[in-house]
Amino acid sequence: MERFAEPTLQTYAGWEEYHSKPVTEKLDCFKTEGRLFDIIFAQQFDRQFLDYLCRLADCIRIMAKTKLGQNKLRHLLPHKRAMLYFVQPSTRTFLSFQNACHVLGLKVSEIRGSSTSSEVKGESPEDTIRTFASYVDLIISRHHEAGFAEKTAWVLNQTERPVPVVNGGSGPDQHPTQALLDIYTLEREFNNTGGLDGKKIAMVGDLKRGRTVRSLSYLMKNYKDVELYFVAPEIFGMRDDIKQFLARHEIPFHETDDFESVMPLVDAIYMTRIQNEYSEDPKSEAETYPEFYFKAEHLSKIHAHCAILHPIPRRHEIEVAVDKDPRAAYWRQERCGMWIRAALIAYLFKVEKEIFEEFS
Amino acid sequence: MERFAEPTLQTYAGWEEYHSKPVTEKLDCFKTEGRLFDIIFAQQFDRQFLDYLCRLADCIRIMAKTKLGQNKLRHLLPHKRAMLYFVQPSTRTFLSFQNACHVLGLKVSEIRGSSTSSEVKGESPEDTIRTFASYVDLIISRHHEAGFAEKTAWVLNQTERPVPVVNGGSGPDQHPTQALLDIYTLEREFNNTGGLDGKKIAMVGDLKRGRTVRSLSYLMKNYKDVELYFVAPEIFGMRDDIKQFLARHEIPFHETDDFESVMPLVDAIYMTRIQNEYSEDPKSEAETYPEFYFKAEHLSKIHAHCAILHPIPRRHEIEVAVDKDPRAAYWRQERCGMWIRAALIAYLFKVEKEIFEEFS
Amino acid sequence: MERFAEPTLQTYAGWEEYHSKPVTEKLDCFKTEGRLFDIIFAQQFDRQFLDYLCRLADCIRIMAKTKLGQNKLRHLLPHKRAMLYFVQPSTRTFLSFQNACHVLGLKVSEIRGSSTSSEVKGESPEDTIRTFASYVDLIISRHHEAGFAEKTAWVLNQTERPVPVVNGGSGPDQHPTQALLDIYTLEREFNNTGGLDGKKIAMVGDLKRGRTVRSLSYLMKNYKDVELYFVAPEIFGMRDDIKQFLARHEIPFHETDDFESVMPLVDAIYMTRIQNEYSEDPKSEAETYPEFYFKAEHLSKIHAHCAILHPIPRRHEIEVAVDKDPRAAYWRQERCGMWIRAALIAYLFKVEKEIFEEFS
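Model, not experiment: these values are computed from the prediction. (Residues numbered from 1 in each chain as written. Chains lettered and ligands numbered in written order. Predicted model: local features only at pLDDT ≥ 70, side-chain atom pairs only at ≥ 80, totals over all residues. Heavy atoms only, no water.)

Undergrad: Looking at this structure, how should I read the interface of chain C and chain A?
TA: Interfaces are often sized by the amount of accessible area the parts lose when they come together. Taken together, the 30 residues of chain C in the interface contact 31 residues of chain A. Here chain C meets chain A over a buried area of about 2,900 Å², counting both sides, of which 50% is carbon and sulfur. Broken down residue by residue, the surface that chain C buries against chain A is led by His79, Lys121 and Tyr135 of chain C, which jointly contribute 24%. On inspection of chain C and its partner chain A, the count reaches three salt bridges. A salt bridge links Arg314 of chain A to Asp127 of chain C; the shortest N-O distance between them is 2.6 Å. Counting across the interface, chain C meets chain A through ten residue pairs in polar contact (both at pLDDT 80 or more). Only β3 (81-86), β4 (107-112), α6 (117-120) and α7 (125-135) of chain C provide two or more residues apiece to the side of chain C that touches chain A. The dominant element in the side of chain C that touches chain A, judged by the number of residues it contributes, is α7 of chain C, at six residues. (Contact = heavy atoms within 4.5 Å. Buried area = accessible area lost by both parts, 1.4 Å probe. Salt bridge = Lys/Arg side-chain N within 4 Å of Asp/Glu carboxyl O. Polar contact = N/O pair within 3.5 Å; in protein donor to acceptor, adjacent residues only side chain to side chain. Helix = DSSP H or I, 4+ residues; strand = E, 2+ residues; numbered from the N terminus.)

Listed below in structure tokens is the structure:
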């Protein structure tokens, strides 16, 4: 009776055996009754899911424009409790998720920071998570360790009372809801130009270490006739794994370090920060590359419909004077993050019907 | 008009005189109109109260299984505001209380960590608490100082606007809601075998410093024909004060360091952690005692109905493989903690009637 | 459509030009449609506004005495989300605002402490604030830098989606909601003696550095026939800027270091703490001045209706024995802070009508 759902569990001998499998083989472990139960990898999203979730986010966003709609939204899940477990700090992602919960009325508990008192007492991370799962209906976690959310979900799915786990970023590679928000922002910006299919997108900056541009590249396989431009200094170029993936899926891409030559060609420019906070000397200016900045003077070089995105926080990659141009989409992108996360949570608790009904 | 309730205050010359009295003489200070107003000591609980609260927790737990029930629960106290003042960190107890509040709809403010800005400015702890009491309707506190919650409640009860204080753990001795949750878990586990009366219970591990096993032993005086087995290495044996208390109340107990010999005899095993985080060298393995671990191989030695409890966090005292056995009650115990705390809060705000009515 | 309101923006070339103007010229930047949109300076409050807000706070306070009223209040703004951004810690102000939000049903996100993860990544404070504004409907900020809230509001007001900013204290000078709560407390205490007009008020202690007494002095220009007594050791006397302001507005004031001589003359005594936590040696007792303490023995020297205020936290300036005297208003003052802040938030979201209607 207390069981929320019954995830399809494949029988592995244990974590070691399970963990040795490639991601694509493991995806069913996080599904139940044909629906996603945990959100761990960007690879879980296919075109149908992405379209569905974008449509749901649109409905939520529009409902939230009126008091009546806001009140309908907050009555969807006020009986549910979420836990934000952010071992790795991230103000932005934290607030985005928290307010997405608030939009739908969920009550939120939060643990922020590097250790809990139980860890101090020698508790295993699995036991800590299982404790959290005892109290709430949803766990959203962010962790510096790759695979943390995956292991969490895997462990919980073998207990009597699994609750959904959403990966809010774990380690250097997976941050699936960032990928969702990027897709949703692009779809919204291309609303009047036929959507993402057939678009040319430039990704600029630190493509080597940028988690967002890597995930976004992977997701391009879900769209038709997309063409990518990787614009980066040589030492920060896109890694081979992504390039091989794109080649395998016949997605054309170009590499260059000449940003200005790409500007007139593309429908969207996805700017990123050189992530030198991971460098030994984070304040070093040696790693800044002004030729990969987008400046006010560049606004005349891009398409009238070209959308400028950035995962934020920015440093100097985009001049503040650009903010006022209607093509600057990065602040809308932040709000898109909240709406798509609200859509995701609504999906996990299966209340989409109540939302779509408002538009029937 | 603003007064929430009128606690019966005995007239002492001041804190010093009051404080010098034994606990049993002071209990009336925390009652009003025949009901508990503050929850400070496990000694405040008699059999009638324990049975009543367990029944209330059962109702809440069952209501929380349906959306309708969840919505009724969260409409009980949405007009009330609670404050979690956790000077001593405790992730688990914090989350348990916070979610208990969320279940009933209370809004929660939280202060976690060792100091507030006002303390820095030289404010007395009494003034700090009185400030908190200005803003909320309930204070739940956890503090490293013995007697902190008691003094807090005593001070507030002499003001124009006292609010109930719940002791979420203060110092080495009192943690009354942990005792409540242990009792509630045992009652639930013994649901089909006639309840706690007449049961044999083993307490295992660090009985000397374990606050939970000490409180639980005290509460046994409320039950009939209970028999206790203290299983510990000699240096961590149960202290004399408890043993004298049990003798005075004619509760039989046995002491041994032979865990396996006790296993087949008992209806419940209450495991505890060797609390060497208080040792000078907390990571020392010298203090671990594998002969006081409960392992998967022991499952065949215990009764078919024997319940295994643990206050969590655990280290190695219970092998993870034991978790899947239906007799492993420690994860249920965590949820019991949330339900019994919700029951306690419902009691303090006198909304039990609305809950019981659902079952009439 | 997503725009909450349209603040009247004067056209300045930029922040530098704007910032160089005197406060009185800038006030219109924080208004829209004839109403305050952001709450940045105490200078924004005129007599009409102060009276209006005090009346609103009274209504909220009275409604909050019944369950029915509490439920009406919490249904006013449950569809709105607030953000408490407290870079400078302040337990009391934080809790006061948070519970004011809870009274009205707002959902609250909080950032407490000196840095966010985005600042670590090199983000500008303006970008950080703009991010917060993406997620919520109201920002309440506290910052150690003078002008922080002002700049925040100025930046947001030039975006597509400004949200109101409330200054919860920025730097050494402005803390407008503290001024509001002091005015509201005085009006309440003078409820039976005709209100603030015509009253004599003593301000005692560290008048040089005390932000509260400085703001309160400024606001006196809104009241008729008020007379002030500045009681301080010579080195902590009221600064010349305030004295010139009072002279300009023909508000009589007296300066003395003889506290006892003033006691029988005044209708209210506003006590303050010597703020030696800003001294090099904060624990120094050298800066304590017992002749500026209010002691139980002084209760016989003041008027039967004289109100004793203190912004709290106190150290030794008011003897604890004074607390029980009905003229000790400082604990009521704390609750007044919550009510007037709730009134302010209700005003910013334009729900006063629903509140006043309860009394029609």
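Next comes the rest of the description.
Undergrad: Would you take a moment to explain the environment of Glu354 of chain A for this structure?
TA: Looking at the secondary structure, you find Glu354 of chain A in helix α14 (residues 352-357). Since its relative accessible area comes to 32%, Glu354 of chain A is described here as partly exposed. Residues Glu354 of chain A and Leu76 of chain A, 278 residues apart in the sequence, show an inter-C-alpha distance of 7.9 Å. Those residues within four positions of Glu354 of chain A in sequence are excluded, and the remaining contacts are Leu76 of chain A together with Lys67 of chain B. (Buried < 20%, exposed > 50% of the residue type's maximum accessible area, 1.4 Å probe, protein only.)

Undergrad: Looking at this structure, how should I read the relation of the copies chain C and chain A?
TA: To go from the first copy of the chain to the second, apply a rotation about an axis and then a shift along the same axis. Between the two copies, chain C and chain A, the superposition gives an RMSD of 0.0 Å; the rotation angle is 120° and the shift along the axis is 0.0 Å. Between the two chains, the operation in question is that of a three-fold axis. Identified as the residue of chain C closest to the rotation axis by C-alpha distance is Lys107 of chain C, at 5.4 Å. The two copies present different faces, since only 3% of the interface residues in chain C are matched by interface residues at the equivalent positions in chain A. (Least-squares fit on C-alpha atoms with pLDDT ≥ 70 in both.)

Undergrad: In this structure, what is going on with the sheet that holds strand β8 (residues 227-231) of chain A? I would like to understand it.
TA: Within a sheet, neighbouring strands are paired by backbone hydrogen bonds and run either parallel or antiparallel to one another. Residues and elements named next belong to chain A. Across the sheet, which stays open at both edges, the five strands sit in the order β9-β8-β7-β10-β11 with parallel pairing between neighbours. Because the sheet does not close on itself, it has two edges, and the strands there are β9 (253-256) and β11 (307-309). In this sheet, adjacent strand axes meet at a mean angle of 15° when their direction is disregarded. Alignment of strand β10 (residues 268-271) against β11, held across three bridges, turns out to be parallel. Among the inter-strand pairings, Tyr270 is bridged to a residue of β11, identified as Leu309. Seen against the sheet, helix α11 (residues 240-248) touches β8 and β9 and runs at an angle of roughly 150° to β9. (Pairing = 2+ DSSP bridges. Axes fitted to C-alpha atoms, helices over the stretch in contact; angles between N-to-C directions.)

Just geometry here; none of it tells us what the structure is for.
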